[in-house]
Amino acid sequence: QVQLVESGGGLVQAGGSLRLSCAASTRTFFFMGWFRQAPGKEREFVAASGVNTYYADSVKGRFTISRDNAKNTVYLQMNSLKPEDTALYYCAAGRPTAELVAVYTEYKYWGQGTQVTVSS
């Protein structure tokens, strides 16, 4: 099994930036993705990295996903944060097809989440 641990969340003002990290217990051969979930809302796709990178329209141009394979770590750089970005952010690993990279059920391993709160 792969264990994932997220870090880097916090409280920031609108327009600010945060960098989330996801450390894996071992080297993986998986797609790595970021999802988020706000109270009362369904879990939604944010970004994923495999051969290519993928972004939800709501974060495109503001968020960047990257990987450091030597450290078994994936990052999510979040800029120009908005109150609508407030959510619990999860790191995930899986082997989705290219058509299903945004589907959370395609990911087998999940971290516990890190909270991001953006004030107005």
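Rules of the game
Residues numbered from 1 in each chain as written. Predicted model: local features only at pLDDT ≥ 70, side-chain atom pairs only at ≥ 80, totals over all residues. Heavy atoms only, no water. Buried < 20%, exposed > 50% of the residue type's maximum accessible area, 1.4 Å probe, protein only. Helix = DSSP H or I, 4+ residues; strand = E, 2+ residues; numbered from the N terminus. Pairing = 2+ DSSP bridges. Axes fitted to C-alpha atoms, helices over the stretch in contact; angles between N-to-C directions. Contact = heavy atoms within 4.5 Å. Salt bridge = Lys/Arg side-chain N within 4 Å of Asp/Glu carboxyl O.

Caption draft 1: Layout of the pairing of strand 9 (residues 87-94). In terms of burial, strand 9 is largely enclosed, as seven of its eight residues are buried. Both strand 4 (residues 31-37) and strand 9 contribute to a ladder of seven bridges, which runs antiparallel. Bridging across to strand 9, Phe35 finds its partner in Tyr90. Here three bridges tie strand 9 to strand 11 (residues 114-119), and the two strands are oriented antiparallel to one another. Along strand 11, the bridge assignment pairs Tyr89 with Thr114. In terms of strand pairing, strand 9 meets strand 10 (residues 107-110) through three bridges, oriented antiparallel. Opposite Ala92, over in strand 10, you have Trp110 as the bridge partner.

Caption draft 2: Layout of the sheet that holds strand 8 (residues 73-78). Across the sheet, four strands lie side by side as 1-3-8-7; this open sheet has antiparallel pairing. The outermost strands of the open sheet, each flanked by one partner alone, are strand 1 (4-7) and strand 7 (63-68). Across this sheet, the average inter-strand angle for adjacent strands is 15°, counted without regard to direction.

Caption draft 3: The environment of Ala56, seen in detail. Topologically, Ala56 is positioned in the loop between strand 6 (53-55) and strand 7. Sequence separation between Ala56 and Phe45 is 11 residues; the distance between their C-alpha atoms is 6.4 Å. Among all residues touching Ala56, those that are not within four sequence positions of it are Phe45 and Val46.

Caption draft 4: Seen up close, the pairing of strand 3 (residues 18-24). Taking burial as the measure, the seven residues of strand 3 include five buried ones, the bulk of the element. In this structure, strand 1 lies alongside strand 3, joined through four bridges in antiparallel fashion. Along strand 3, the bridge assignment pairs Val5 with Ala23. In terms of strand pairing, strand 3 meets strand 8 through six bridges, oriented antiparallel. Within strand 8, the position partnered with Ser21 by the bridge is Tyr75.

Caption draft 5: Structural detail: the pattern of salt bridges. A complete count under the given rule lists four salt bridges for this structure. Between Asp85 and Arg36 there is a salt bridge, and its shortest N-O distance comes to 2.9 Å. Taken together, the residues Asp85 in the loop between strand 8 and strand 9 and Arg36 in strand 4 connect sequence positions 49 residues apart. Residue class for Asp85 comes out buried when judged on its relative accessible area of 2%. Residue classification places Arg36 among the buried positions, given a relative accessible area of 5%.

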